[in-house]
Amino acid sequence: PQHLDQIGHPDLNSLIDEIAHLGLINAYLRGTTCPDLEAFRGLRADMDQRSLRTLGLFGCPILSGDLSPLADLDWLQHLSITRSREVCDISPLARLSSLVSLNLEHTSVADIRPLFELDDLRELRLEGAPVEPDQVEEIRRRIPELQIDS
């Protein structure tokens, strides 16, 4: 398996091209400021669905806060979006039916209801996100196998 672990890369578009071209399985971006995630929108057409399984955006401020470009990556199994306070709406992630783990630490996500139907989800990390306790209890009820760190 091929992996990409980039720290502070200034050009998200070239990184996305590299992910698609190399057929990477795991891509971790650290400290890359992302004005938006539009470069991911075309990734589906370029990727073999056996490829990218893990996408980590660690400490990558997503200035638009818009996660909709990730919605078509429905084969993605592991997603981390951390330390991006601009991110608050995760409704596009409801389409990621293969998602097994999701890390939303230190984001502004308060509403996790879009995740309630992701039956394969087994790990959810919410430390530093303002999620209401009643929503945490509700997702635990709906997905009993889910482990939650909050």
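Residues numbered from 1 in each chain as written. Predicted model: local features only at pLDDT ≥ 70, side-chain atom pairs only at ≥ 80, totals over all residues. Heavy atoms only, no water.

**Q** Quick one: what's the story with the pairing of strand β3 (residues 54–58), residue by residue and with numbers?
**A** Put simply, side chains in a regular strand alternate between the two faces of the sheet. Counting buried positions over the five residues of β3 gives four, a clear majority of the element. Bridge count for strand β2 (residues 26–30) against β3 is five bridges, and the pairing is parallel. Within β3, the position partnered with alanine 27 by the bridge is leucine 55. Alignment of β3 against strand β4 (residues 78–82), held across five bridges, turns out to be parallel. Across the sheet, residue leucine 57 finds its bridge partner in β4, namely isoleucine 81. (Buried < 20%, exposed > 50% of the residue type's maximum accessible area, 1.4 Å probe, protein only. Helix = DSSP H or I, 4+ residues; strand = E, 2+ residues; numbered from the N terminus. Pairing = 2+ DSSP bridges.)

**Q** Give a description of the environment of valine 109 that names residues and reports values.
**A** The topology assignment puts valine 109 in the loop between β5 (101–103) and β6 (123–125). The spatial distance from the C-alpha of valine 109 to the C-alpha of glycine 128 is 9.3 Å, given a sequence separation of 19 residues. Aside from chain neighbours lying at most four places away, what touches valine 109 is Val87, Cys88, Ile90, Leu104, Ala129, Pro130 and Val131. (Contact = heavy atoms within 4.5 Å.)

**Q** So what's going on with the pattern of salt bridges? Residues and values would help.
**A** Per the counting criterion, the structure on display carries ten salt bridges. A salt bridge links aspartate 72 to arginine 95, with the nearest nitrogen and oxygen atoms 2.5 Å apart. Placement of the pair is aspartate 72 in the loop between β3 and β4 and arginine 95 in the loop between β4 and β5, with a sequence separation of 23 residues. Here aspartate 72 falls in the partly exposed class, since its relative accessible area comes to 29%. Salt-bridge contacts for arginine 140 lead to glutamate 137; the nearest nitrogen and oxygen are separated by 3.1 Å. Remark: glutamate 137 and arginine 140 occur in helix α3 (residues 133–142); sequence separation between them is three residues, near one turn of the helix. When its relative accessible area of 46% is taken as the criterion, glutamate 137 is described as partly exposed. The network of salt bridges with common partners includes Glu105, Glu123, Arg125 and Asp149. (Salt bridge = Lys/Arg side-chain N within 4 Å of Asp/Glu carboxyl O.)

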